[in-house]
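# Fold and geometry: a report
Each chain is listed here by its residues.
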Amino acid sequence: MIKAVLFDYGGVLSEGGGIGSIRHMWAGALGIKDEAVQDISRITHELLMKGEVSDEAFLQELHSYHPEAKQPTIEAMLEHTNIFSSSKPVYDLAKRLQQHSVKTGILSNMYTFSAGALKERGLFDGFNVVLLSCEEHLMKPDPDFYKLAVKKLQVPSKEILFIDDRAEMLATAERLGMQTILAKTAAQIVHDTEQKVRAQNHVEV
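Residues numbered from 1 in each chain as written. Predicted model: local features only at pLDDT ≥ 70, side-chain atom pairs only at ≥ 80, totals over all residues. Heavy atoms only, no water.

### Structural notes on the pairing of strand E5 (residues 179-182)
Judged from the 4 bridges that link them, strand E4 (residues 160-164) and E5 form a sheet pairing that is parallel. Across the sheet, residue phenylalanine 162 finds its bridge partner in E5, namely threonine 180. Note that the unit made of E4, helix H9 (residues 167-175) and E5 has a crossover that is right-handed. (Pairing = 2+ DSSP bridges. Helix = DSSP H or I, 4+ residues; strand = E, 2+ residues; numbered from the N terminus. Right-handed = clockwise from strand over helix to strand, strands pointing away.)

### Thoughts on the environment of arginine 166
Relative to the elements of secondary structure, arginine 166 occurs in the loop between E4 and H9. A C-alpha to C-alpha distance of 9.3 Å links arginine 166 and lysine 184, two positions 18 residues apart in sequence.

### Things to note about the nonpolar core
One finds Val5, Phe7, Tyr9, Leu13, Leu97 and Ile163 to be the most contacted residues of the largest nonpolar core, which totals 30 residues. Of all the secondary structure elements, the ones that give two or more residues to this core are strand E1 (4-7), helix H5 (88-99), helix H6 (112-120), E4 and helix H10 (186-201). With 5 residues, the top contributor of residues to this core is H5. With near-sequence residues (within four places) excluded, leucine 13 lies in contact with Phe7, Asp8, Ser86, Ser87, Val90, Tyr91, Ile106 and Phe127. (Core = buried A, V, L, I, M, F, W, Y, C linked by side-chain atoms within 4.5 Å. Buried < 20%, exposed > 50% of the residue type's maximum accessible area, 1.4 Å probe, protein only. Contact = heavy atoms within 4.5 Å.)

### Focus on the pattern of salt bridges
On inspection of all chains with the given rule, the structure shows 10 salt bridges. In this structure, glutamate 135 engages lysine 119 in a salt bridge whose closest nitrogen and oxygen atoms are separated by 2.2 Å. Linking glutamate 135 in helix H7 (residues 133-136) with lysine 119 in helix H6, this pair joins segments that are 16 residues apart in sequence. Note on glutamate 135: relative accessible area 36%, which makes it partly exposed. Looking at lysine 119, the relative accessible area reads 42%, which means it is partly exposed. A salt bridge links glutamate 204 to arginine 198; the shortest N-O distance between them is 3.0 Å. Using a relative accessible area of 55% as the deciding quantity, one classes glutamate 204 as exposed. Of the residues examined, arginine 198 reaches a relative accessible area of 34% and is grouped as partly exposed. Through salt bridges with shared partners, one network takes in Asp8, Lys140 and Asp164. (Salt bridge = Lys/Arg side-chain N within 4 Å of Asp/Glu carboxyl O.)

### Focus: the packing of aromatic side chains
Under the criterion given, the structure shown has 7 aromatic pairs. Relative to phenylalanine 124, the ring of tyrosine 9 has its centre 6.0 Å away and its plane inclined at 90 degrees; by these criteria the two rings are edge-to-face. Within this pair, whereas tyrosine 9 is found in the loop between E1 and helix H1 (21-30), its partner phenylalanine 124 is found in the loop between H6 and strand E3 (129-132), the two being separated by 115 residues in sequence. Its relative accessible area of 1% is what places tyrosine 9 among the buried residues. With relative accessibility at 7%, the residue phenylalanine 124 sits in the buried group. With 5.9 Å between their ring centres and 55 degrees between their planes, tryptophan 26 and phenylalanine 58 make a pair best called tilted. On the criterion of sequence distance, the pair formed by tryptophan 26 in helix H1 and phenylalanine 58 in helix H3 (residues 55-64) is long-range, its members being 32 residues apart. A residue is classified by how much of its surface remains accessible, and tryptophan 26, at 5% relative accessible area, is buried. (Phe/Tyr/Trp six-rings, centres within 6.5 Å; stacked < 30°, edge-to-face > 60°.)

### Some details on the layout of surface pockets
Taken as a whole, the largest pocket spans an internal volume of roughly 920 Å³. Residue lining of the largest pocket: 34 residues in total, with Ile22, His45, Met49, Asn109 and Arg166 positioned closest to the centre. When residues of the lining of the largest pocket are traced back to their parent elements, those giving at least two are H1, helix H2 (42-49), H6 and H9. Looking at which element gives the most residues to the lining of the largest pocket, the answer is H1, with 5 residues. Looking at the lining of the largest pocket residue by residue, the class counts come to 14 nonpolar, 10 polar and 10 charged. (1 Å grid on protein atoms, 1.4 Å probe; cavity = no way out; pocket = protein on both sides within 12 Å on 5 of 7 lines; lining within 4 Å. Points joined across faces, edges and corners; volume = space filled by probe spheres on them. Nonpolar A, V, L, I, M, F, W, Y, C, P; charged D, E, K, R; others polar.)

### Notes on the side chain of serine 133
Counting through the fold element by element, serine 133 comes out in helix H7. Not counting chain neighbours up to four residues away, the residues in contact with serine 133 comprise Met49, Lys50, Ser108, Asn109, Met110, Leu138, Met139 and Phe145.

### Some remarks on the environment of lysine 70
Structurally, lysine 70 can be placed in the loop between H3 and helix H4 (74-79). A sequence separation of 40 residues divides lysine 70 from leucine 30, and the C-alpha atoms of the two residues are 5.2 Å apart. Dropping the residues within four chain positions of it, lysine 70 is found in contact with Gly28, Ala29, Leu30, Gly31 and His63.

Structure (structure tokens):
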């Protein structure tokens, strides 16, 4: 039986935020082409994702890789991201699941400034549990992040369905006993989730 469904945000609840979206955001803020963006230190990026480095320190390091570009700002970052394009079919699915006593949650790697902007727009409202890397100081695919979700949901791992658009993020969930769906399109997410819930819970959502 499926008692809870965990959604990633980018590429699942949002039509944006998929692979390549971070590079595009950085490029837009710097005023350069996507292919010209140099990767910053993996350590710095992970610290930013886990809320352990300030936005200012991150922006300074990003600019140090591109001294010829304009100084990036948080405002410019948010102007060049597509994470605000929420997926209505998937949000509607989450609401229907709750109407059938299935808990819903968000488990996502996210910058602090992105999380704040999404909260202001109410895009985390209505979910039973919202776990963001920048707030929990953990990030996927660290097993401890998934274990925290299990604890917060108060549902056994085998009764949790986790949906993500990256296979490497699903692998950890599967090792912990969760059921998974690899997200490709909104229609496919809805179809596959409905199918699993119908088969295990014997209800139409």
